Amino acid sequence: VAVLDAVPTPIVLAPMAGGPSTPVLTAAVCEAGGLGFAALGYLSPERAAEELRATRALTARPFGANVFMPPGEPADPASYAAWVERVRAGAGGRPVGAPRTGDDAYEEKLALLCAEPVAAVSFTFGCPSREVVARLRAAGTETWVTVTSPQEGSEAVAAGADVLVAQGAEAGGHRGTFVDRVDAPLYGVLALLQLLEPLGPPVVAAGAIATPAAVDAVLAAGAEAAQVGTAFLLCPEAGTAEPHRRAVASAGETALTRAYTGRLARGIRNRFTAEHGADAPLAYPELHFVTAPLRAAARAEGDAEAVNLWAGEAHELAREEPAADVVARLGGPR
Ligand SMILES: Cc1cc2nc3c(=O)[nH]c(=O)nc-3n(C[C@H](O)[C@H](O)[C@H](O)COP(=O)(O)O)c2cc1C
């Protein structure tokens, strides 16, 4: 049975690495009838294993796990040296990291997920190989691939993806674009859904879905379920940092920026995106490691002006309520 067929409510909790995702949140969504996801991005293999164990201890229902595809060739240091110097000069005494790359322990996480399988593994930042899809299938796990264009959808189908996660440009957080580039298309979720539907696999829609009407809209356009991130950020079960919570709850424009990580992401505008967004180079994960200590310090001080405030375009609609209430409100009977 396909995973989504066994899930009573067409609501998928978006994986949200970097703090917001917690085992308690993932399990709460599953227990409420949705499909929870664990966010394994940025975690060491040991922490990823703990995350899965903690989630399993809280729910016997199926849940998924999300993995970052490794980046391509490292960026040329000359492309970001001056930018990094400016960030360092403007850091106001906060720590700044050294640029480096890394594969986010891709192989180790795959090995973990094959040894202790979950219902579905979703990938972002690229497409897994046919061989990886086959390994997961042998473990009884569906492969979901985040796509941002019809071209990426076709590549994911060719690789054997079971489900396409259509991420519109409205979505909060990083864009899952296979290869980040300045001229990458910015399909809205409805356009993308219509273009992906003929490809065959079930499609899950993501991007600024925050009301029952928006869930109905993507289901009407052919989606099997809505993947919702920002609307869960204010839940008590989420690990969202205080300055991030305050910004999500307030009115405020979002923008696509490479300022924090060197990869395009949508977040609420603040001083850091204004000062460093316009000329931020494409250098992921190099710039992620440069700004990570600075962001952690700002977060600890409660300063929202230097924290990556990832949020989708409809963030003002997020409510401070238990995750089960969000699932019931967005996905329940009407
Ligand atoms: C705080 C935050 C963190 C995110 N982290 C991840 C992640 O680790 N992996 C991933 O595939 N998508 C991530 N996303 C993107 C979501 O999967 C999804 O596309 C997005 O939340 C949908 O738009 P919405 O936030 O407007 O609901 C993140 C989004 C947010 C808001």
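Up top you'll find the structure we're talking about.
Just so it is clear, the model here is predicted, and its values are computed rather than measured.

Re the sheet that holds strand β10 (residues 254-257)
Strand order in this open sheet of 3 strands is β7-β11-β10, and the pairing throughout is antiparallel. Here the strands that pair on one side only, and so sit at the sheet edges, are β7 (173-174) and β10. Here β10 pairs with strand β11 (residues 265-268) via 4 bridges, running antiparallel. Each residue of the ladder has a partner; that of Thr 257, found in β11, is Ala 265.

Observations concerning the packing of aromatic side chains
This structure, assessed with the given rule, holds 7 aromatic pairs. Seen in terms of ring centroids, Phe 68 and Phe 125 are 4.9 Å apart; in terms of plane orientation they differ by 50°. Their pairing is tilted. Here Phe 68, found in strand β3 (residues 64-68), pairs with Phe 125, found in the loop between β4 (120-124) and α5 (130-138); they are 57 residues apart in sequence, far enough to count as distant. Since its relative accessible area comes to 8%, Phe 68 is described here as buried. Residue class for Phe 125 comes out buried when judged on its relative accessible area of 5%. A network of ring pairs unites the aromatic residues Tyr 42, Phe 68, Phe 125 and Tyr 284 as a single cluster. In this structure, Arg 100 packs its charged tip against the face of Phe 289, placed 3.7 Å from the ring centre. It is Arg 263 that lies over the ring of Tyr 284; its NZ or CZ is 5.9 Å from the centre.

Some words on the layout of surface pockets
Any space left empty among the atoms is revealed by the rolling of a water-sized probe across them. The computed volume of the largest pocket comes to approximately 930 Å³. Taken together, 50 residues line the largest pocket, and the ones lying closest to its centre are Pro 15, Met 16, Ala 17, Gly 173 and Trp 310. Taken together, the elements giving at least two residues each to the lining of the largest pocket come down to β3, β4, β6 (163-167), β7, β9 (225-228) and α11 (286-300). Among the elements that take part in the lining of the largest pocket, α11 stands out by supplying 6 residues, more than any other.

A closer look at the sheet that holds β4
Strands belonging to one sheet form pairs held by backbone hydrogen bonds; the direction of such a pair is parallel or antiparallel. Spatially, β1-β9-β8-β6-β5-β4-β3-β2 is the arrangement adopted by the 8 strands of the open sheet, whose pairing is parallel. A strand with exactly one partner marks an edge of an open sheet, and here the two such strands are β1 (11-13) and β2 (37-39). Mean inter-strand twist for the sheet, computed between neighbouring axes without regard to direction, equals 25°. As paired strands, β3 and β4 are joined by 5 bridges and run parallel to one another. Bridge pairing in β4 links Gly 64 to Ala 120.

Cut-offs applied
- Residues numbered from 1 in each chain as written.
- Predicted model: local features only at pLDDT ≥ 70, side-chain atom pairs only at ≥ 80, totals over all residues.
- Heavy atoms only, no water.
- Pairing = 2+ DSSP bridges.
- Helix = DSSP H or I, 4+ residues; strand = E, 2+ residues; numbered from the N terminus.
- Phe/Tyr/Trp six-rings, centres within 6.5 Å; stacked < 30°, edge-to-face > 60°.
- Buried < 20%, exposed > 50% of the residue type's maximum accessible area, 1.4 Å probe, protein only.
- Lys NZ or Arg CZ within 6 Å of the ring centre and 35° of its normal.
- 1 Å grid on protein atoms, 1.4 Å probe; cavity = no way out; pocket = protein on both sides within 12 Å on 5 of 7 lines; lining within 4 Å.
- Points joined across faces, edges and corners; volume = space filled by probe spheres on them.
- Axes fitted to C-alpha atoms, helices over the stretch in contact; angles between N-to-C directions.

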